[in-house]
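Residue-level listing of the chains:
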Amino acid sequence: MYPQRVLSGMRPTGVLHLGHYHGVLKNWVKLQSEYECLFFVADWHALTTHYDDPSVIRQSTWDMVIDWLAAGIDPSSATLFIQSRVPEHAELHLLLSMCTPLGWLERVPTYKDQQDKLNDKDLSTYGFLGYPLLQAADILIYRAGQVPVGEDQVPHVELTREIARRFNHLYGRETDFEEKAEESAKKLGGKRARLLLELRTRFQEQGDESALEQAKALLQESQNLTLDDRERLFGYLEGARRLILVEPQALLTEASRMPGLDGQKMSKSYNNTIGLREDPDVVAKKIRTMPTDPARIRRTDPGTPEKCPVWAFHQIYSDEQRQDWVQQGCRSAGIGCIECKQPVIDAVIAEQDIFRARAKPFEEDLDLVKNIVADGCEKARELARQTMRDVREVMGLDLG
Ligand code: TRP
Ligand code: SF4
């Protein structure tokens, strides 16, 4: 298990906007300095909903990676790759499909929701039903401990955990498992080995969860175990199983407070976005023409910031002092809306100046991006292969 490994993906279905930055990418940037991070372009996922319009994938993929780099993702610290370049994801998806009950997929909330919401598309496809399982394969193939996702994706991580559990239950049995586990335990040294067995018994006989936690901590901190030993012992604690696939945790990303130009959530489908690297003149114009509190018809009419989408921008882009200035000026009609918007325009453009500067070398030479991704694919593939060796073995596919 790699509790310090973080994996997340994003679908290439259009250009990224400030909502993606404040809702997702800023968090990825923070995580990359704390964890081993893998971030990927989920192009197969995009096909589950855009199979009739694949051109958007080709158009968005490189732009999306440039947006990531522009936002501050550092390829020397995080591994960036494209899902379809690591075909092991598909193999694991297929193998997991053998033992995934249909009902588990039909019950995933996004299945019905999205079918209703995207009703201009025919999503009664095999691929769309299986998409949470593909996501499970994405996660499990790296034995990732943490998966940063928004709230809507939490059920997918839950499903992933159930799939891992079921898989380990079905295929984690080894004939001489007990013996091997006891051998592995010996490597902890006499005293710790005894403590581990004691804790295991307490958990298995009395269901004492704190004993299990303590035992896991003991394994986590012991230095002289190989990865195999450790995994075997984790399985041994909870039963006589080997943990081939690891249950990940959802790392819930705080909901983005980034509103769109009209005050609704910023989203391509509402046509209220500001692109991550949008031209400064266009950005200025978009903000200048943003709707404001409708009560302020004339310059002399007082307003209520809470009823104005510009105020929502100030909450992200302005310090307390300027926020006070808005509150007072708006309520007393002391400032006009044009005046109120100017610091937002300046702040958004200043933030984007950094993005544009980071993106520039990549925009000028796409090969730089392609090389970063090629390296990332290779690294990811090596990790994926390790898991697939174990999976093939336990599923009877390693005939040698
Ligand atoms: N399904 C995710 C989304 O729509 C993208 C995704 C695919 C993903 N595979 C993943 C996210 C694995 C986290 C982990 O946003
Ligand atoms: Fe909105 Fe600012 Fe105008 Fe008040 S003054 S309505 S907060 S733009």
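Provided above is the structure to which this section pertains.
Residues numbered from 1 in each chain as written. Chains lettered and ligands numbered in written order. Predicted model: local features only at pLDDT ≥ 70, side-chain atom pairs only at ≥ 80, totals over all residues. Heavy atoms only, no water.

Caption draft 1: Region of interest: the nonpolar core. Counting 94 residues, the largest nonpolar core has W68, Y142 and F313 as the members making the most contacts within it. Tallying contributions element by element places helix α18 (residues 366-394) first for this core, with 10 residues. Viewed by domain, this core spans two of them, domain 1 (5-172 + 253-257 + 365-394) and domain 3 (280-363), each represented by three or more residues. Grouped together as the second largest cluster of nonpolar side chains are 18 residues, A181, A211, L212 and L218 included. (Core = buried A, V, L, I, M, F, W, Y, C linked by side-chain atoms within 4.5 Å. Buried < 20%, exposed > 50% of the residue type's maximum accessible area, 1.4 Å probe, protein only. Helix = DSSP H or I, 4+ residues; strand = E, 2+ residues; numbered from the N terminus. Domains from an automatic or database assignment.)

Caption draft 2: Seen up close, helix α15 (residues 309-317). Most of α15 is tucked away, with 7 of its 9 residues classed as buried. Listed as buried for α15 are P309, V310, W311, A312, F313, H314 and Y317. Residues of α15 that are buried in the fold lie against α1 (18-32), α16 (320-331) and α17 (337-364). (Contact = heavy atoms within 4.5 Å.)

Caption draft 3: Just the site of ligand 2, in detail. Around ligand 2, the surrounding shell consists of T292, D293, R296, C308, V310, V326, C330, C337 and C340. Listing elements by their share of the shell around ligand 2, those giving two or more residues are α16 and α17. (Near = heavy atom within 4 Å.)

Caption draft 4: Expanded view of the packing of aromatic side chains. Considering all chains together, one arrives at 9 aromatic pairs under this definition. Ring geometry for W28 against F39: centres 4.1 Å apart, planes inclined by 0 degrees, an arrangement best described as stacked. A residue pair is termed long-range when its members are at least 10 positions apart, and W28 in helix α1 and F39 in strand β2 (residues 36-41) qualify at 11 residues. Since its relative accessible area comes to 1%, W28 is described here as buried. Of the aromatic side chains, those joined through ring pairs into one cluster are W28, F39 and W68. Looking at R11, its charged tip hangs above the ring of Y131, at a distance of 4.9 Å from the centre. Here the guanidinium or amino end of R200 rests over the ring plane of Y236, the centre of that ring lying 3.6 Å away. (Phe/Tyr/Trp six-rings, centres within 6.5 Å; stacked < 30°, edge-to-face > 60°. Lys NZ or Arg CZ within 6 Å of the ring centre and 35° of its normal.)

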